[in-house]
Amino acid sequence: MCFNLQIQECHETLLRAVSALRGEINARTRLLKLPADIFYLILDHLAEWKENSPTVATAQDLPEGPRLQSIWRNGATSGTVFIPLSQTCRHLRSVVLSRPLLWNTVTATPPLFHSEWVLRSQHVPLIVVVAPSKDFTRILDGFYKQHSYRIQELHLTEIGHRHFNYLKHLLEAEHPMLRRLFVDGRIGSLSKWSTHSLPIPEGSASHLRVLCLKHVPLLPTTCLHHLTHLALQNVVIPQIYHSLLDVFACCPSLESLILSLTSYSDSQYPDLEECTSLPKNLRRVTFYLVEGFSEKRDALRFC
């Protein structure tokens, strides 16, 4: 019995000695001698930008996450690349975990969701990516409303009519920091959508700056006084061209507009006289693969 205890004590002593030697060797490595501020700059550039790529690009044992295909560059990054780095040595782990911005993108989709990332991000603004899945409501119920006040950028991807009521309820939480909202969905049958009014997250209407809608039969009806960038891609609703004029009236500070619309069977073009009340700050309008404007392209004249 005593002999076994002695062996165990010797083993633990050797482990401590090896750990101390490794720490000494690592401390003499030039890379690890860098100041923390320099390390942070390097790590910030290592963060993978989630544009047109799976949300988890480095985890080979996980399925692909939702793809983000926004018009304007978004701030979502993948913190998965830092997991191996945090397991290299104690010093690198300490550096990586002391940089909350490396963990501020939360993918609220199983099995990509990591509750630990919410803790590691501490109190910095969050970028949240949501894609409907089997258990996504359980994940959102567990963390979203408690942290909605920290969300600065929100991506709702692959949204269909079945998820609309739940997400509408979810967005009733306060979003005082939200500046950028991206909604990408599946239109399906228009009759299955209970409304064509886009629910604006509570408390964000007065400071939302960027709004991108893609493949959803939704348009904003709430006044967004400080919205400067609006993108509508393949948005299909009845009387969409007349509805656009209402959208312009709701967005007086609009500076950049991108339109990629699909003609709807009962959509009629407004008279030119109706198209005069455009936002006075509107400086750039981009028509991207617009259908139905070849014959009546003057119906919505912006300049």
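Before reading further, recall that the structure is shown in the block above.
Visitor: Before we go on, may I ask you to explain the overall build of the protein chain in this structure?
Guide: Scanning the protein chain from terminus to terminus reveals eight helices and ten strands. Here the protein chain holds 303 residues, and the buried ones make up 46% of them. For the protein chain, the share of sequence-separated contacts (at least 6 apart) that also reach a separation of at least 24 residues comes to 69%. Working note: accessible area of the protein chain is about 16,300 Å², and carbon and sulfur atoms make up 54% of it.

Visitor: Sorry if this is basic, but what is going on with unusual backbone geometry here?
Guide: A negative phi angle characterises most non-glycine residues, just as the trans form characterises most peptide bonds. The residue Gln122 is not glycine, and still its phi comes out positive at about 55°. With respect to the secondary-structure elements, Gln122 resides in the loop between α5 (115-120) and β4 (126-130). Assessed through its relative accessible area of 41%, Gln122 is described here as partly exposed. One non-glycine residue, Glu158, adopts positive backbone phi at about 60°.

Visitor: Can you help me understand the packing of aromatic side chains in this one?
Guide: Two numbers describe a pair of aromatic rings. These are the distance of the centres and the angle of the planes. One pass over the structure, following the stated rule, counts five aromatic pairs. Each ring, one from Phe82 and one from Trp103, has its centre 6.2 Å from the other, and the planes form 65°; the classification is edge-to-face. Of the two residues, Phe82 is situated in helix α3 (residues 82-86) and Trp103 in the loop between α4 (90-97) and β3 (105-107); the sequence distance between them amounts to 21 residues. Exposure class is identical for Phe82 and Trp103. Each is buried. An angle of 55° between the planes, with centres 5.7 Å apart, marks the rings of Trp103 and Trp117 as tilted. Pair noted here: Trp103 is in the loop between α4 and β3 and Trp117 is in helix α5, with a separation of 14 residues, a long-range link. Here the two residues Trp103 and Trp117 agree in accessibility, since each one is buried. Of the aromatic side chains, those joined through ring pairs into one cluster are Phe82, Trp103 and Trp117. A cation over an aromatic ring shows up here: Arg120 above the ring of Trp103, its NZ or CZ 4.6 Å from the ring centre.

What counts and what doesn't
- Within any chain, residue numbers begin from 1 and follow the written order of that chain's sequence.
- pLDDT decides what is reported in this predicted model: residues at 70 or higher carry local features, side-chain atom pairs at 80 or more are listed and counted, and totals for whole chains, interfaces and linings draw on all residues regardless.
- With hydrogens and water stripped out, all remaining heavy atoms of the structure feed into the side-chain values.
- The way it works is that DSSP assigns letters per residue, a run of H or I at least four long becomes a helix, a run of E at least two long becomes a strand, and they are numbered from the N terminus.
- Buried means the residue's accessible area, taken with a 1.4 Å probe over protein chains only, is under 20% of the maximum for its type, while exposed means over 50%, and partly exposed covers the values in between.
- Working rule for contacts: check all heavy atoms of both residues, and any pair within 4.5 Å makes them a contact.
- The Shrake-Rupley method, run with a 1.4 Å probe sphere, supplies the accessible areas, and residue values consider only the shown protein chains as cover.
- Side-chain rings of Phe, Tyr and Trp (the six-membered ring for Trp) are treated as a pair once their centres are within 6.5 Å; stacked means planes under 30 degrees apart, edge-to-face means over 60, and tilted covers the remaining angles.
- Whether a charge lies above a ring is judged from NZ of Lys or CZ of Arg, which has to be within 6 Å of the ring centre and within 35 degrees of the ring normal.

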